[in-house]
Amino acid sequence: MELLNESLICLQADVKTAEEAIQLAADKLFQAGFVTSEYAQAVIDREKNYPTGLAAAGYNIAIPHTNPEFVVKPGIAVVIPKEPITFSMMGTPDTKLECKMIFPLAMESPDKQLQLLMRLMKFFQNEEVLQQVYEAKEESTIVNLLNGMEN
Amino acid sequence: MKRIKILSVCGSGTVSSAMVGQKIKEMLAEHGYDCQIEEVNPGMVAGAVGNGGVDLIAFTSPFDPKDAVGIPQINSVGVLTGMDEESFLEAALEALKNK
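Scoring rules and cut-offs
Residues numbered from 1 in each chain as written. Chains lettered and ligands numbered in written order. Predicted model: local features only at pLDDT ≥ 70, side-chain atom pairs only at ≥ 80, totals over all residues. Heavy atoms only, no water. Helix = DSSP H or I, 4+ residues; strand = E, 2+ residues; numbered from the N terminus. Rg over C-alpha atoms; globule rule 2.2 N^0.38 Å. Buried < 20%, exposed > 50% of the residue type's maximum accessible area, 1.4 Å probe, protein only. Areas by Shrake-Rupley, 256 points an atom, 1.4 Å probe, with all protein chains shown as cover. Lys, Arg positive; Asp, Glu negative; His and termini not counted. Charge placed at Lys NZ, Arg CZ, Asp CG, Glu CD. Arc of directions from axis to C-beta. Contact = heavy atoms within 4.5 Å. Polar contact = N/O pair within 3.5 Å; in protein donor to acceptor, adjacent residues only side chain to side chain. Buried area = accessible area lost by both parts, 1.4 Å probe. Salt bridge = Lys/Arg side-chain N within 4 Å of Asp/Glu carboxyl O. Nonpolar A, V, L, I, M, F, W, Y, C, P; charged D, E, K, R; others polar. Pairing = 2+ DSSP bridges. Axes fitted to C-alpha atoms, helices over the stretch in contact; angles between N-to-C directions. 1 Å grid on protein atoms, 1.4 Å probe; cavity = no way out; pocket = protein on both sides within 12 Å on 5 of 7 lines; lining within 4 Å. Points joined across faces, edges and corners; volume = space filled by probe spheres on them.

Chemist: Residues and numbers for the overall build of chain B, please.
Modeler: Looking only at helices and strands, one finds 4 helices and 4 strands in chain B. Ordered by position from N to C terminus, the α and β elements of chain B give β-α-β-α-β-β-α-α. In terms of C-alpha radius of gyration, chain B reaches 12 Å, essentially the compact-globule figure of 13 Å for 99 residues. Judged by the C-alpha coordinates and their principal axes, chain B covers about 30 × 30 × 15 Å. Here chain B, with 99 residues, has 54% of them falling under the buried criterion. For chain B, the computed accessible surface area is about 4200 Å², with 47% contributed by carbon and sulfur atoms. Of the charged side chains in chain B, 8 are positive and 13 negative, and the gap between their average positions amounts to 7 Å.

This is the structure we're talking about:
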């Protein structure tokens, strides 16, 4: 399954806040047909109540997402901001994380895609592959890393 | 295998709770537990607890602890990132040892 394409990758993104990063990714996901037009606001609202910053392997990342009702088909966007962006930490909102990579997720109900979710989790636990994403010069590098993560 | 029921709580009851739930199921199976995992969002905790039989709650989003009085509640974000699976497992095994 194609989870993403080059149009969903934002390298050197000129965004300064979590909201701007989510809006940027949501616009691209919407244009590419992965989510509905309500997705952006739903994710922004949810992030305030249930933040998604994670201290992953070697890097702080964030995985903003929302309920399946705003998702047309499963996908992932990638935002690499010029400067790290502050997200609150999942589970402990009082802790702030400076995140270097943001992976907005468009996910359906878990029973439909447990394998995909498990592969994603392994991806976020792999420091080597996260470094390759962070240092990527070309959008295609990241597309290949994420679409190839089952291998 | 001892059968137990675990609530996995995250903001939408979708992404993180499913990732964490599946991982917990695998980890606890190695210690002789057959886990039934129910994914919920924080607002669903009280109802799920009310249905009975919940042995443990693993959460990546805070919920009202009063919704689950008397049931062990363990932060499971470390399972999601893989950075702290061991301390989750230790806490879970401790909480389940009389089950």
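Chemist: Describe helix H4 (residues 127–134) of chain A, naming the residues involved and giving the relevant values.
Modeler: Residues and elements named next belong to chain A. If you check which residues of H4 are buried, you get Val129, Leu130 and Val133. Buried residues of H4, viewed axially, fall in a sector of 105°; they line one side. On its buried side, H4 packs onto strand S5 (78–81), strand S8 (101–102), helix H3 (114–124) and helix H5 (139–147). Measuring from the backbone nitrogen of glutamate 128 back to the side-chain oxygen at the start of H4 gives 3.1 Å, which picks out asparagine 126 as the cap.

Chemist: Which residues make up the interface of chain B and chain A, and what values go with them?
Modeler: Between chain B and chain A, the contact holds 25 residues from the first and 25 residues from the second. Counting the surface lost from both chain B and chain A, the interface buries some 1900 Å², and carbon and sulfur atoms represent 71% of this. Between chain B and chain A we count 0 salt bridges in total. Across the contact surface, chain B and chain A share 3 residue pairs in polar contact (both at pLDDT 80 or more). Elements with a minimum of two residues in the side of chain B that touches chain A: helix H1 (15–29) and helix H3 (77–81) of chain B. In terms of residue count, the dominant contributor to the side of chain B that touches chain A is H1 of chain B (7 residues). Of the residues in the side of chain B that touches chain A, the class split is 10 nonpolar, 11 polar and 4 charged.

Chemist: Describe the sheet that holds strand S4 (residues 73–75) of chain B, with residues and values.
Modeler: Residue and element names in this part refer to chain B. Reading across from one edge, S2-S1-S3-S4 is the order of the 4 strands in this open sheet, with parallel pairing throughout. Two strands lie at the open edges of the sheet, namely strand S2 (33–40) and S4, each paired on one side alone. Each neighbouring strand pair of the sheet contributes to a mean axis angle of 25°, computed without reference to strand direction. As defined by bridge partners, strand S1 (residues 2–9) adjoins S2 across 8 bridges and the pair is classed as parallel. When the sheet's bridge partners are listed, arginine 3 is paired in S2 with aspartate 34.

Chemist: Please give an account of the pairing of strand S7 (residues 92–99) of chain A that cites residues and values.
Modeler: Strand residues, when the strand is regular, have side chains that alternate between the two faces of the sheet. Residue and element names in this part refer to chain A. Judged from the 5 bridges that link them, strand S6 (residues 85–89) and S7 form a sheet pairing that is antiparallel. Bridging from a neighbouring strand, methionine 89 pairs with threonine 92 of S7. Connecting the antiparallel pair S6 and S7 is a turn made up of 2 residues, with glycine 91 showing a positive phi of about 90°.

Chemist: I'd like a rundown of the layout of surface pockets, residues and numbers included.
Modeler: Residues and elements named next belong to chain A. Of the voids in this model, the largest pocket is the one considered here, and its volume is about 170 Å³. In terms of lining residues, the largest pocket is bounded by Leu11, Gln12, Ile80, Pro81, Lys82, Val133, Tyr134, Glu135, Ala136 and Lys137. Of all the secondary structure elements, the ones that give two or more residues to the lining of the largest pocket are strand S1 (9–13), S5 and H4. A class-by-class count of the residues in the lining of the largest pocket yields 6 nonpolar, 1 polar and 3 charged.

Chemist: Kindly report on the pattern of salt bridges, identifying the contributing residues and their values.
Modeler: Residues and elements named next belong to chain B. In this structure the tally under the stated criterion is 6 salt bridges over all chains. A salt bridge links arginine 3 to aspartate 34; the shortest N-O distance between them is 2.9 Å. A residue pair is termed long-range when its members are at least 10 positions apart, and arginine 3 in strand S1 and aspartate 34 in strand S2 qualify at 31 residues. Between glutamate 85 and lysine 23 there is a salt bridge, with its nearest N and O atoms 3.9 Å apart. Residue glutamate 85 is found in helix H4 (residues 85–96), and its partner lysine 23 is found in helix H1; the two are separated by 62 residues along the sequence.

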